[in-house]
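Summary of structural features
The primary structure of each chain is shown beneath.
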Amino acid sequence: MITGAQTATTRIVPKVNEPVDPVFRQIRDLVYKVCGIFQLEEKLYLMADACGRRMKQVGIRTPREYWDLLTAHSSREAELRQLLNEITIGETCLFRSQPQLDALRKIILPELVQEKTKQVMKRLRIWSAGCSTGEESYTLAMNMLEESERLLKGWTVEILATDLNDRSVEAAKAGIYGDYALRSTTDYFKRKYFVPVDEKKLQVRPEVKKLVTFSRLNLQDDSRMLFMKGMDLVFCCNVLIYFDGPSKSKVIDHFFSNLNFGGYFFLGTSESLMKLNDNFHLVHFPGTIAYWKPSLKSGKL
Amino acid sequence: MTTVSAAIIRERVKNIETTPSIPAVFLPLLKLLNAPPEDVRLEEVVKLVSYDNTIAAQCLRVASSPLFGLAKSPESIKGAVLTLGLRKVETILLTCCLGQAFPSRQWALDPAVFWRHSLGCAMVCRKFSEKIGAHDHDKAYMAGLLHDIGFAVNCQAFATEFGKAVKHALQEQIPLNEAEHDIMGFTHCESGRALAEKWHLADDIIQVIAYHHAPDLSHAAQPLVALVHLSDLLCRMRGLGYGYYERHKADLLHNPAWAVLQQGHRELENVDLVRFTFELDEAVGEVFALVMTIFGTTAA
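Residues numbered from 1 in each chain as written. Chains lettered and ligands numbered in written order. Predicted model: local features only at pLDDT ≥ 70, side-chain atom pairs only at ≥ 80, totals over all residues.

On to the overall build of chain A. For chain A, the count of helices and strands is 12 helices and 10 strands. The C-alpha atoms of chain A give 20 Å as radius of gyration, which agrees with the globular expectation for 301 residues (19 Å, within 12%). Burial statistics for chain A: of 301 residues in total, 40% are counted as buried. (Helix = DSSP H or I, 4+ residues; strand = E, 2+ residues; numbered from the N terminus. Rg over C-alpha atoms; globule rule 2.2 N^0.38 Å. Buried ≥ 20, exposed ≤ 12 C-beta atoms within 10 Å, placed from the backbone.)

Here it is in structure tokens:
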């Protein structure tokens, strides 16, 4: 299947700058309310486009009829899941969110390093939860390697990357990517951290792979979640949107206890926790949002 | 660090060369802005706009811009005022007047970036004010528009020192007010206050200008100061800052200003800050376009 964003302009329903049927705005609000993922007004045509693809597949003609399908008791859960697949398709690529990476390297890492500097073990643990085919995990690894001679000199970095899907985990381990996944990767990173496998594909170098441990994990498996301790950073992008309220809340509680004090939790760029956990502090960095587990420094300990 | 006394700041502000060239419509306009919207008469606004050729031309140009999607450009001032609506006319007037009061040659800051932040903050203040059901959204808008006026003062009255402060902020990626404090020993809050007092701006606006970086020090209009403080932070975190990367983390919900706002506005409890942030992103493009229209291609 061809990925969404590439072909968006050739598809049915509105193009950029064309008025969008108000029903799509209603669908946008529904998706936010149920799943916590928000589509900007200017990207509403992408939402309309995703709906259009679904409408075609299920043989529905009008947005209003599609709204009925999305809200009818019998079909809503399954259809919403299908729609989310369409919305997030093509979202995964390396270096997907530069503001997240900037916040990480310019603000968070210096803060964590300073806070942990008195510890005997200079170790940083990062978890990419729902790592899909490894794009995010390797992006983090490369950025950590960039800091290895500066901020992180003498530090050990471990990146744990997990996904529910075995096939994704296998593909992630191989670390081979084409143009589309590499569309936001600069030549600098391509040259430094990849080797060509054929004319069109690049593979991440062994020194990058060495930082990442991939494994299969179900985020709803409570007993295994309890073992994921001592994290400094957790990234979980476009995964929780598929969970219902109670399971989402449970997973977020797990993430909170998995994190060290002073650690950070990142969601996808248009996702929100929607007040599902009062313990995390919502913090703004330039161009990005994260959730912070307050450090003990200011507390009584 | 040098310590500059309030007296010296006042003295320099008094001597800003360009201050006498403030357009004649400016002060009547401020009065108009302070009046409740239902008391504003359209003819009065048209008269004010027509009074100054530059401003009249500016209004016509903005009204004809694709931003407003009109099939036919308005030909008269009245047409432009009707097309734009009072709110936009106010914005344009105030911006043009301030733009004229502070000619942008030799600014240490890019004036387009300065106006983008000011207009952006004004917009966020209004939206925020509406969201929490505050009673005077226009006041909030004006407070946002004027909160950083001290930067314009610094560009004129303290050009060399302020130039160094801007350079320092860019190099260290720290907030501008911290850099000002490090290099100059005072900030745009003090110089802005001196100008605001000289202009006899309303006391609540003076409080905003003086304390938007330290809302806990304000002794009047605290909710308004808190609102501008939070809106300013949001702007800087969402692409409407001063055009450089600020190494800054903002915990708005645990900011004392949030608690101040919450005292008077229970609605704040129900505000989904993440969604509000996303909604603001949608307006960023509009602010860029507006500044582009007002300042032409000089916008960086």
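Residue-level pLDDT values for chain A average 88, and 91% of them are 70 or greater. This stretch, residues 1-12 of chain A, has a pLDDT under 50; its non-local contacts, to residues over four places away or in other chains, come to 19 contacts. (pLDDT = per-residue confidence, 0-100. Contact = placed C-beta atoms within 7 Å.)

Within the largest apolar cluster, 175 residues are counted, with the highest numbers of intra-cluster contacts made by Val234 and Ala290 of chain A together with Cys125 of chain B. Beyond its immediate sequence surroundings of up to four residues, Val234 of chain A is in contact with Trp127, Ala129, Phe255, Asn258, Leu259 and Phe265 of chain A. (Core = buried A, V, L, I, M, F, W, Y, C linked by C-beta atoms within 7 Å.)

The next subject is helix H5 (residues 76-88) of chain A. Taking 1.5 Å of rise per residue, 13 residues should cover 18 Å, and H5 of chain A covers 18 Å from first to last C-alpha, within 8% of that figure. Among the structural elements, helix H2 (22-35), helix H3 (44-58) and helix H4 (63-71) of chain A are those in contact with the buried residues of H5 of chain A. (Expected span 1.5 Å × (residues − 1).)

Below, the discussion takes up the sheet that holds strand S7 (residues 231-235) of chain A. All names here are of chain A. Overall, mixed pairing links the 7 strands, which are arranged S6-S2-S1-S7-S8-S10-S9 in an open sheet. Each having just a single partner strand, strand S6 (212-216) and strand S9 (281-285) make up the two edges of the open sheet. Averaged over all neighbouring strand pairs, the angle between strand axes comes to 25°, with direction disregarded. Of the pairings in the sheet, the one linking strand S8 (residues 259-266) to strand S10 (residues 288-292) comprises 2 bridges and is antiparallel in character. In the sheet register, Phe265 faces S10, and the bridge partner there is Tyr291. (Pairing = 2+ DSSP bridges. Axes fitted to C-alpha atoms, helices over the stretch in contact; angles between N-to-C directions.)

All right, on to the domain arrangement of chain B then. When the domains of chain B are assigned, the result is domain 1 (6-17 + 110-298) and domain 2 (19-101). Averaged C-alpha coordinates put domain 1 of chain B and domain 2 of chain B at centres separated by 23 Å. (Domains from an automatic or database assignment.)

Residue and element names in this part refer to chain B. Taken over all residues, the pLDDT of chain B has a mean of 84, while the share at 70 or more is 88%. Mean pLDDT in chain B bottoms out at helix H2 (residues 26-34), which sits at 70, and peaks at helix H13 (residues 222-237), which reaches 97. Per the prediction output, this complex has pTM 0.86; the corresponding ipTM is 0.85.

Residues and elements named next belong to chain A. On the basis of which strands lie adjacent, the open sheet formed by 3 strands has the order S3-S5-S4 and antiparallel pairing. Two strands in the sheet have a free side with no partner beyond their single neighbour: strand S3 (176-177) and strand S4 (194-196). The pairing of S4 with strand S5 (residues 202-204) spans 3 bridges and is antiparallel. Looking at the pairing, Phe194 lines up with Val204 of S5.

Here the focus is the packing of helix H9 (residues 159-172) of chain B against helix H10 (residues 176-184) of chain B. Residue and element names in this part refer to chain B. Contact geometry of H9 with H10 gives a least axis separation of 8 Å together with a crossing angle of 125°. It follows from the interaxial angle that H9 and H10 lie oblique. Helix-helix and strand crossings are classified by hand; for H9 and H10 the assignment is right-handed. Judged by residue contacts, Glu161, Phe162, Lys164, Ala165, His168 and Ala169 of H9 engage Leu176, Ala179, Glu180, Asp182, Ile183 and Met184 from H10. Tallied by class, the residues present in the contact of H9 with H10 amount to 7 nonpolar, 1 polar and 4 charged. (Parallel < 35°, antiparallel > 145°, perpendicular 65-115°, else oblique. Left-handed = near helix turned anticlockwise from the far one by under 90°. Nonpolar A, V, L, I, M, F, W, Y, C, P; charged D, E, K, R; others polar.)

The next point concerns the packing of helix H7 (residues 137-146) of chain B against H13 of chain B. All names here are of chain B. Here H7 crosses H13 at 55°, and the two axes come no closer than 10 Å. With respect to H13, the element H7 is oriented oblique. Once H7 is placed against H13, the crossing between them reads as right-handed. For the pair formed by H7 and H13, the contact residues are Lys139, Ala140, Ala143 and Gly144 on the first element and Leu224, Leu227, Val228 and Ser231 on the second. Class assignment of the residues belonging to the contact of H7 with H13 gives a composition of 5 nonpolar, 2 polar and 1 charged.

A common way to report how large an interface is uses the accessible area buried once the components associate. Taken together, the contact pairs 19 residues of chain A with 22 residues of chain B. Residue assignment for the side of chain A that touches chain B shows that the elements contributing at least two residues are helix H6 (98-116) and S9 of chain A. Looking at the side of chain A that touches chain B residue by residue, the classes come out as 10 nonpolar, 5 polar and 4 charged.

Let's shift gears to the environment of Trp115 of chain B. Residues and elements named next belong to chain B. Within the secondary structure, Trp115 sits in helix H6 (residues 111-131). Looking at Trp115, the number of C-beta atoms within 10 Å reads 23, which means it is buried. Residues Trp115 and Ala6, spaced 109 residues apart in sequence, show a C-alpha to C-alpha distance of 26 Å.

Residues and elements named next belong to chain A. For strand S1 (residues 123-129), the buried fraction is high: 6 of the 7 residues fall into the buried class. Pairing of S1 with strand S2 (residues 156-163), which is carried by 7 bridges, proceeds in the parallel orientation. Its bridge partner being in S2, Ile126 is matched across the sheet by Ile159. Chirality of the crossover, the property in question, places the unit of S1, helix H7 (residues 135-146) and S2 among those that are right-handed. (Right-handed = clockwise from strand over helix to strand, strands pointing away.)

Further remarks concern the environment of His117 of chain B. Residue and element names in this part refer to chain B. Its location among the elements puts His117 in helix H6. A sequence separation of 35 residues divides His117 from Ala152, and the C-alpha atoms of the two residues are 12 Å apart. Residues in contact with His117, not counting those within four places in the same chain, are Asp148, Cys235, Leu240, Gly241 and Tyr242.

Now for the domain arrangement of chain A. Residue and element names in this part refer to chain A. Once the domains are mapped, chain A shows domain 1 (4-88) and domain 2 (98-292). Every contact between the two is made by 9 residues of domain 1 and, on the other side, 10 residues of domain 2. In terms of residues, the side of domain 1 that touches domain 2 owes the most to one element, H5, which gives 3 residues. Class assignment of the residues belonging to the side of domain 1 that touches domain 2 gives a composition of 4 nonpolar, 4 polar and 1 charged.

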